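Examining the three-dimensional arrangement
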Amino acid sequence: LVPQRLNLRGGASFLSYSPSTITTDNVNINGTIKFQNAAAMVDWFPFHGSFRISGGATIYNNTGLTAALLVPGGQSISFGGSTYYSEPYDPVKNPAGPITGTGVFTFGGNSVVPRVTIGTGNMLPKTGHFRFETEIGFQYFSAPTVAYNITGGTACQNYNSTTNTYSNCGPSSSEVSQASITTEQNNLQNDLNGLRFFPILSFGLSYKIH
């Protein structure tokens, strides 16, 4: 926009990562973490050098985790203060198997949000061709959202460890009350409400063709 003073740039990231099974609170989590977004930035070089101050906006965001949930047979899970037991698979007594479900954790919605960074490097150098660049800052998202859904398996309200028997059992999708799920979602939502500032850290190497 202005040589050695003001640049306009855009960029996008498309990282997806599927980690090994994560186990927390007796729940096995298998899913894909996505860090996908697109942004436009204006770089200001206040000293006519490589140091820059940048401001702009994230114009597309798809950051979060979509996962399949499994409560192994014999384990318990608490939703909204109520405890449910996951009945092990048995071809006769419980062909439906243990409790299963899905979870979706979204960090910010797909809306335009501000981002601010500082860094070094100019992709359009006055002399030379190669430039090494660094950038650090943050982008502001709306509050993260959490969605649980219990879809399959058998859930029981009671378990007798002496006789190793389960009672008051039924399909987990109906046995685990929606009120309990909603309470658990709200509790986790309150814990995550402060996570609205998402960090930005990048390193890059650029080459000027002509």
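What counts, and at which threshold
Residues numbered from 1 in each chain as written. Predicted model: local features only at pLDDT ≥ 70, side-chain atom pairs only at ≥ 80, totals over all residues. Heavy atoms only, no water. Buried < 20%, exposed > 50% of the residue type's maximum accessible area, 1.4 Å probe, protein only. Pairing = 2+ DSSP bridges. Helix = DSSP H or I, 4+ residues; strand = E, 2+ residues; numbered from the N terminus. Axes fitted to C-alpha atoms, helices over the stretch in contact; angles between N-to-C directions. Contact = heavy atoms within 4.5 Å. Disulfide = S-S within 2.5 Å.

Right, let's get into unusual backbone geometry. Although it is not a glycine, His48 adopts a positive phi angle of roughly 60 degrees. His48 sits in the exposed class, given a relative accessible area of 51%.

Turning our eyes to something else, we now look at the sheet that holds strand β12 (residues 165-171). Spatial ordering of the open sheet is given by β5-β6-β11-β12, a layout of four strands whose pairing is antiparallel. The open sheet has two edge strands with one neighbour each: β5 (76-79) and β12. Put simply, the sheet's adjacent strands are angled 45 degrees from each other on average, direction ignored. Docked against the sheet, helix α2 (residues 178-192) engages β5 and β6 (82-86), running at close to 75 degrees with respect to β5.

This next bit is on the environment of Phe198. Topologically, Phe198 is positioned in strand β13 (residues 197-207). For Phe198, a relative accessible area of 21% gives the class partly exposed. Ignoring any residue separated from it by four or fewer positions in sequence, one finds Phe198 in contact with Phe35, Thr63, Gly137, Phe138, Gln139 and Phe141.

Here we take up the state of the cysteines. Here a disulfide denotes one covalent bond, and it connects the sulfur atoms of two cysteines. As enumerated under the stated definition, the model contains one disulfide in all. A disulfide bridge connects Cys156 with Cys169, and the sulfur atoms are separated by 2.0 Å. On the sign convention where negative is left-handed, the bridge of Cys156 and Cys169, at about 105 degrees about the S-S bond, is right-handed. Here the residue Cys156 occupies a position in strand β11 (residues 154-160), and Cys169 occupies one in strand β12, the gap between them amounting to 13 residues.

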